[in-house]
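Okay, here's what each chain looks like letter by letter:
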Amino acid sequence: MDYNTSKKQAQKHVGDKNYCTVLASSIFFNADYDETHKFYAHYGRKLGRGLNDHMTNKLIHKMSKKHGLDVEYYRKICRGISVYKNGKLYRKKYYRFETLGGEIFINMNKNLTLKNFNDYLPTGNYIFGISGHVLAVKNGAIQDWTELENKNGIINRIWVEKYPEFIEDDEIDYSSLC
């Protein structure tokens, strides 16, 4: 599912607006927009109303279970470091994305934006949360109207498919593969 296909299906729902989470989920999970719309409505999304951060996270995780995926949620944390240098106090900010349990996904010394995310994240599929908006990324390409209008949007939430742990080469028994 891509942005243009999902957007055409979304426009059939007359009077609906603020459906960015539904649209992003349809694209991310490669699901039919109408089915995704029904799913979100079933779990409490009102026609024409967006979702708060908590409900967005909850429903994306429910949707991932429906599609048999394990999706991890990371939120942006801003930290500051105070350093004295030559008698002057300097404050340096750094940003990191971590799970609610504290597992760190990425550390940066500047904001992750729609313009620079491909420089820091592996090419893949994501749902990004920026201030008041949610959008999908497929194979590193933004699937949203913001692709043209808001390249400087600061990403503050990331949903990504969690991949299984890699097995070290010396742990594989090659004799059974012959």
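It should be emphasised that the depicted structure is a prediction, and the values quoted were computed from it without experimental measurement. (Residues numbered from 1 in each chain as written. Predicted model: local features only at pLDDT ≥ 70, side-chain atom pairs only at ≥ 80, totals over all residues. Heavy atoms only, no water.)

### Some remarks on the overall build of the protein
Threshold: Starting at the N terminus, helices and strands are each numbered in turn, a helix being any DSSP run of H or I of at least four residues and a strand any DSSP run of E of at least two. Burial classes: relative accessible area under 20% of the type maximum marks a residue as buried, over 50% as exposed, and values in between as partly exposed (1.4 Å probe, protein chains only). Residue burial considers only the protein chains on display, and all accessible areas are found by Shrake-Rupley using a 1.4 Å probe.
For the protein, the count of helices and strands is six helices and seven strands. Each helix (α) and strand (β) of the protein, taken in turn from the N terminus, gives the series α-α-α-α-β-β-β-α-β-β-β-α-β. Counting every position in the protein, which comprises 178 residues, the buried fraction comes to 40%. Surface exposure of the protein reaches about 11000 Å², of which carbon and sulfur atoms provide 49%.

### A few points about the side chain of Thr-36
Put simply, the test is: Residue contacts are defined here by distance: any two heavy atoms, one from each residue, within 4.5 Å place the two residues in contact.
Mapped onto the secondary structure, Thr-36 falls in helix α3 (residues 33-42). Apart from the residues lying within four places of it in its own chain, the contact partners of Thr-36 are Val-22, Ser-25, Ser-26, Ala-31 and Met-63.

### As for the packing of aromatic side chains
Filter applied, for reference: Two rings from Phe, Tyr or Trp (for Trp, the six-membered ring) form a pair when their centres sit within 6.5 Å of each other. Planes less than 30 degrees apart are called stacked, planes more than 60 degrees apart edge-to-face, and all others tilted.
Under the defined criterion, the tally for this structure stands at seven aromatic pairs. Both rings, one in Phe-28 and one in Phe-29, keep their centres 4.9 Å apart while their planes meet at 90°; by these two values the pair is edge-to-face. Across the pair, Phe-29 and Phe-28 agree in class, each one buried. An aromatic cluster of three or more residues is present, and its members are Phe-39, Tyr-40 and Tyr-43.

### A word on helix α2 (residues 20-28)
The buried fraction of α2 is high, at nine of nine residues. Taken residue by residue, α2 has Cys-20, Thr-21, Val-22, Leu-23, Ala-24, Ser-25, Ser-26, Ile-27 and Phe-28 as its buried positions. Phi turns positive one or two residues past the end of α2, at Asn-30, with a value near 55°.

### What about α3?
Note the following rule: Each C-beta atom gives one direction from the helix axis, and the arc is the one those directions make.
Those residues of α3 not exposed but buried are Tyr-33, Thr-36, His-37, Phe-39 and Tyr-40. Each buried residue of α3 sits inside an arc of 160° when the element is viewed along its axis, so together they form one side. Opposite the packed face of α3, turned more than 90 degrees from it, sit the exposed residues Lys-38 and His-42. Considering only its buried residues, α3 is in contact with α1 (3-10), α2 and α4 (53-66).

### Looking at the packing of α1 against α2
We apply this condition: Only the stretch in contact is used when fitting a helix axis, every axis being a line fitted to C-alpha atoms; angles between N-to-C directions are given from 0 to 180 degrees. For classification purposes, angles smaller than 35 degrees are called roughly parallel, those larger than 145 roughly antiparallel, those between 65 and 115 roughly perpendicular, and all remaining angles oblique. Crossing chirality is assigned from the near helix's rotation relative to the far helix, an anticlockwise turn below a right angle marking it left-handed and a clockwise turn marking it right-handed. When residue character is reported, Ala, Val, Leu, Ile, Met, Phe, Trp, Tyr, Cys and Pro are called nonpolar, Asp, Glu, Lys and Arg charged, and the others, Gly included, polar.
Close contact between α1 and α2 brings their axes to 10 Å; oriented N to C, the two are set at 135°. Comparing the axis directions of α1 and α2 gives the class oblique. Remark: the crossing between α1 and α2 carries right-handed chirality. Each of Tyr-3, Ser-6 and Lys-7 in α1 lies in contact with α2, whose residues at this interface are Leu-23, Ser-26 and Ile-27. For the contact of α1 with α2, a count of residues per class yields three nonpolar, two polar and one charged.

### As for the environment of Phe-128
Within the secondary structure, Phe-128 is located in strand β4 (residues 126-130). Separated by 107 residues in the primary sequence, Phe-128 and Thr-21 have C-alpha atoms spaced 9.8 Å apart. For Phe-128, the residues in contact, after removing those within four places along its chain, are Leu-114, Phe-117, Leu-121, His-133, Val-134, Leu-135, Val-137, Ile-155, Arg-157, Ile-158 and Trp-159.

### Quick look at the pattern of salt bridges
Side chains bearing opposite charge may pair, as long as their charged atoms lie close to each other. Note the cut-off: When a carboxyl oxygen of Asp or Glu is within 4 Å of a side-chain nitrogen of Lys or Arg, the pair counts as a salt bridge.
Applying the stated criterion to the full structure yields three salt bridges. For the salt bridge of Lys-38 with Glu-35, the shortest nitrogen-to-oxygen distance reads 3.8 Å. Note that Lys-38 and Glu-35 are positioned in helix α3 at a spacing of three residues, about one turn of the helix. For Lys-38, a relative accessible area of 54% puts it in the exposed group. Look at Glu-35 and you get partly exposed, because its relative accessible area is 41%. Taking the shortest distance from any N to any O, the salt bridge between Arg-157 and Asp-53 comes out at 3.1 Å.

The values are spatial; any link to function lies outside them.
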